[in-house]
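Each chain is listed here by its residues.
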Amino acid sequence: MKNLFTFVGMALIMALSLFLAVITGDYGPWYFAWLVGTTMIVLIAVAGAVMYEKQDAESQDKTGRLH
């Protein structure tokens, strides 16, 4: 039964992908690049913020005071 749900889920994803490909037409690659690029920018910004917070917390622990 689990395999049936997996198959149906993958079939629905494939149908949605084909539908979006037909709707977007020649602009499909542009939309794909825009979505991937936006996702990458957000992830890189979050990673930078996490690294900054980690470094700031470590420097506060070493000095024993707040900046």
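All values derive from a computational prediction rather than experimental measurement.

Cut-offs and rules
Residues numbered from 1 in each chain as written. Predicted model: local features only at pLDDT ≥ 70, side-chain atom pairs only at ≥ 80, totals over all residues. Heavy atoms only, no water. Helix = DSSP H or I, 4+ residues; strand = E, 2+ residues; numbered from the N terminus. Rg over C-alpha atoms; globule rule 2.2 N^0.38 Å. Buried < 20%, exposed > 50% of the residue type's maximum accessible area, 1.4 Å probe, protein only. Areas by Shrake-Rupley, 256 points an atom, 1.4 Å probe, with all protein chains shown as cover.

Enquirer: Let's hear about the overall build of the protein: which residues, and what values?
Expert: Check the secondary structure of the protein and you find two helices and zero strands. For the protein, whose C-alpha radius of gyration is 22 Å, the value lies well above the compact-globule estimate of 11 Å for 67 residues. C-alpha atoms of the protein, sized along the principal axes, occupy 60 × 40 × 10 Å. Here the protein holds 67 residues, and 1% of them are scored as buried. Surface accessibility of the protein: about 6300 Å² in total, with carbon and sulfur atoms responsible for 74%.

Enquirer: Before we move on, can you summarise the environment of F7 with the specific residues and values?
Expert: Structurally, the position occupied by F7 is in helix 1 (residues 2–24). Take F7: its relative accessible area is 60%, and that puts it in the exposed class. Through-space distance from the C-alpha of F7 to that of K54 is 43 Å; in sequence the pair is 47 residues apart.

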